[in-house]
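What the coordinates show
Residue strings, one per chain:
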Amino acid sequence: FISFSTKLKRIRRKKQQTNTMPALICDTSGLIDGRLVDVAKSGFLSGTVIVIPSVIAELQKLSDNFDENKRTRGRRGLDALFDLQKVAKDRSVQSYLKVEVVADEPDDLLVDDKLVALAKKSKGRLITVDFNLGKVAKVKNVPVLSLNELANALKSVVLPEDKLRVKVTAVGREQTQGVGYLGDGTMVVVEEGASFKGKTIDVVAHKVLQTAAGKMIFSKPLKVNPES
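All of the points below concern the structure found in this document. Everything quoted here is computed from the prediction, not taken from an experiment.

Take Ser219: it is sitting in strand 10 (residues 214–225). In this structure the C-alpha to C-alpha distance between Ser219 and Gln177, which are 42 residues apart in sequence, comes to 9.9 Å. Leaving out residues up to four positions away in the same chain, Ser219 has contacts with Val188, Val189, Val190, Glu191, Val203, Val204, Ala205 and His206.

This next bit is on the environment of Leu81. Summarising the element assignment, Leu81 is placed in helix 5 (residues 68–89). Note: C-alpha distance between Leu81 and Leu31 (50 residues apart in sequence) is 6.5 Å.

This part covers the pairing of strand 8 (residues 187–190). One ladder, built from four bridges, connects strand 7 (residues 178–181) with strand 8; its direction is antiparallel. The residue of strand 8 that forms the bridge with Gly178 is Val190. Linkage of strand 7 to strand 8, two consecutive antiparallel strands, is achieved through a turn of five residues, within which Gly185 is found at a positive phi near 95°.

A few words on the sheet that holds strand 1 (residues 23–26). Sheet architecture is open: five strands sit in the order 3-2-1-4-5, paired in parallel fashion. Each end of this open sheet is capped by a strand with a single partner; those strands are strand 3 (97–101) and strand 5 (144–146). When the angles between neighbouring strand axes are averaged without regard to direction, this sheet yields 25°. Relative to strand 2 (residues 47–51), strand 1 runs parallel, the two being bridged by three bridges. Across the sheet, Ile25 pairs through a bridge with Ile50, a residue of strand 2. Packed on one face of the sheet, helix 6 (residues 111–121) meets strand 1, strand 2 and strand 4 (125–128) and runs near 180° to strand 1.

Definitions and cut-offs
Residues numbered from 1 in each chain as written. Predicted model: local features only at pLDDT ≥ 70, side-chain atom pairs only at ≥ 80, totals over all residues. Heavy atoms only, no water. Helix = DSSP H or I, 4+ residues; strand = E, 2+ residues; numbered from the N terminus. Contact = heavy atoms within 4.5 Å. Pairing = 2+ DSSP bridges. Axes fitted to C-alpha atoms, helices over the stretch in contact; angles between N-to-C directions.

Structural data, given as structure tokens:
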């Protein structure tokens, strides 16, 4: 059995760890993206996620927009914030996570400037999927947690000669090429695969190319396995 004093020490240690964790300043794109909630549920995210009034205002404006796509994005962002707050209260999630919707924010005119200024002042990190905002933050020596970079880091490692199974969903840039995707979103170009469009086939990788947009795998078909 664990004594009460030992439990108390653990609680105090948890509180200290939470309080010393850097602030995580989340922008609008980070909430709309939705993956932040899944990362939080996994227990890999620790610290205090801070959401400023301007980000809430942007989400509300999108939610009220006449354009259906923008309206959906705004509501998804608000739902993500609500879900993130629930995760922070979930004791089964083994991480030190808090969510704070603050009332005050820096006086900068632009929302992006407010986020960078707050992250710099709090010596925290910026959570975003906005490529340009991430570059600006890094120039100003603000650490960035990019959900896109995290997703790329977690993609499966594929080497030449590895065999894969992929559904050809489209024709590539060249008319003879087929294009499909792995479960993690990695694009697979299938040479002479255009005729297999709509079918699931076995392929063998012969080249793996790393680009700024992510990883691309070039492959050749082995045999056809149509899906029912």
